[in-house]
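# Coordinate inspection notes
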Amino acid sequence: DAAATPADHLASALKPVLRSKGFCWIDSDPLKMHEWAHAGRTLSVQAKDWWWSVLKEDQLNFQICYPGAKGEYERVKASKWDDVWGDRRQELVFIGGPAMSEEKITPILNQCLLDDAELAAYCERTESLVPPDTYFGIDGLLRQMGEDPEKYGRGPGASADGQEVYDVSVAEEEALEAAEEKALEDVA
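The following refers to the structure shown. (Residues numbered from 1 in each chain as written. Predicted model: local features only at pLDDT ≥ 70, side-chain atom pairs only at ≥ 80, totals over all residues. Heavy atoms only, no water.)

## As for the layout of surface pockets
- Estimates place the volume of the largest pocket at around 590 Å³.
- Contributing to the lining of the largest pocket are 19 residues, with W25, Q90, L109, C112 and L113 lying nearest its centre.
- Elements supplying a minimum of two residues to the lining of the largest pocket: β1 (17–25), β4 (91–96), α4 (102–110) and α5 (116–126).
- Here the second largest pocket is characterised by a volume of approximately 470 Å³.
- Along the wall of the second largest pocket there are 22 residues; nearest its centre are K48, D49, W50, W52 and Q63.
- When contributions to the lining of the second largest pocket are tallied by element, the ones reaching two or more residues are β2 (32–39), β3 (42–50), α3 (69–79) and α6 (137–144). (1 Å grid on protein atoms, 1.4 Å probe; cavity = no way out; pocket = protein on both sides within 12 Å on 5 of 7 lines; lining within 4 Å. Points joined across faces, edges and corners; volume = space filled by probe spheres on them. Helix = DSSP H or I, 4+ residues; strand = E, 2+ residues; numbered from the N terminus.)

## Quick word on the nonpolar core
- Core analysis: the biggest nonpolar cluster contains 15 residues, and W50, W51, W52, L55, L60, I64 and Y73 have the highest contact counts within it.
- Counting only elements with at least two residues in this core, the list comes to β1 and α3.
- Residue contributions to this core peak at three residues, all from α3.
- When residues no more than four places from it in sequence are discounted, the contact partners of Y73 are W52, L60, I64 and W81. (Core = buried A, V, L, I, M, F, W, Y, C linked by side-chain atoms within 4.5 Å. Buried < 20%, exposed > 50% of the residue type's maximum accessible area, 1.4 Å probe, protein only. Contact = heavy atoms within 4.5 Å.)

## Looking at the packing of aromatic side chains
- Throughout the structure, instances matching the rule amount to ten aromatic pairs.
- Their ring planes at 70° and their centres at 5.7 Å tell us that W50 and Y135 sit as a pair that is edge-to-face. Here W50, found in strand β3, pairs with Y135, found in the loop between α5 and α6; they are 85 residues apart in sequence, far enough to count as distant.
- For W50, a relative accessible area of 14% translates into the label buried.
- One aromatic cluster is present, formed by W50, F62, Y66, Y135 and F136 through successive ring pairs.
- Of note, K32 hangs over the ring of W50, and the distance from its end group to the ring centre comes to 4.4 Å.
- In this structure, K77 is placed above the aromatic ring of W81, and the distance from its NZ or CZ to the ring centre is 4.2 Å. (Phe/Tyr/Trp six-rings, centres within 6.5 Å; stacked < 30°, edge-to-face > 60°. Lys NZ or Arg CZ within 6 Å of the ring centre and 35° of its normal.)

Remember that the coordinates give geometry; whether it matters functionally is a separate question.
As C-alpha cells, then:
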C-alpha cells in the first residue's frame, strides 16, 4: 500500500508477534547485557550483567567465583565468542501466530543497528571503557545485596565519614546541649 506510513508497516509487522525475549547490546550502555522481555503490549529492555568481554582480568576472576558463573563463562567463550566483540551480541527470539513474518521483522531490527560511521564513532568512544571497580569485591557484593558500601557495618546511624549519628528526642537534645554548655564553662 503506497499510502502506508512507516508506523503502519511497523504495526503490521509486529501485530502477529505474541512474545519476544532475549538479550541485546545497546550502544548507550555498552558494558552491560540488556534483557529484552516482551509480551502483548508490554516491552522492557533492562540492564543486567556485565558482558564478560568488557571485564578487566581481576574483575573477571571475581565474577567467575559466583556459583555457576565459571561454567557459563566457559560455555559462552567456547560457543559464542567473537574475536573482535567477545560475547557482545544480539540474541532475540520472536514467538507469534501464522501471520508473523521474519521478512517483515528483520528489516525493522536492522534499522536499530549502527551503520559503519556510527560503529566507528562507537568504537572510538568506548575503547577504554571498563566497569568501575566499585562493582566488584566487597563493595560489589554489598551493592548486589542492596546495601550502601559507604554505610554498611557502621551501625544504623552511621554517616559516610564514619561519624555516628544518633536520633534523639528534643528533650534529650536540650539535655545534651545543657551538658555541653556546662562542660565548656568548667573548662573556661
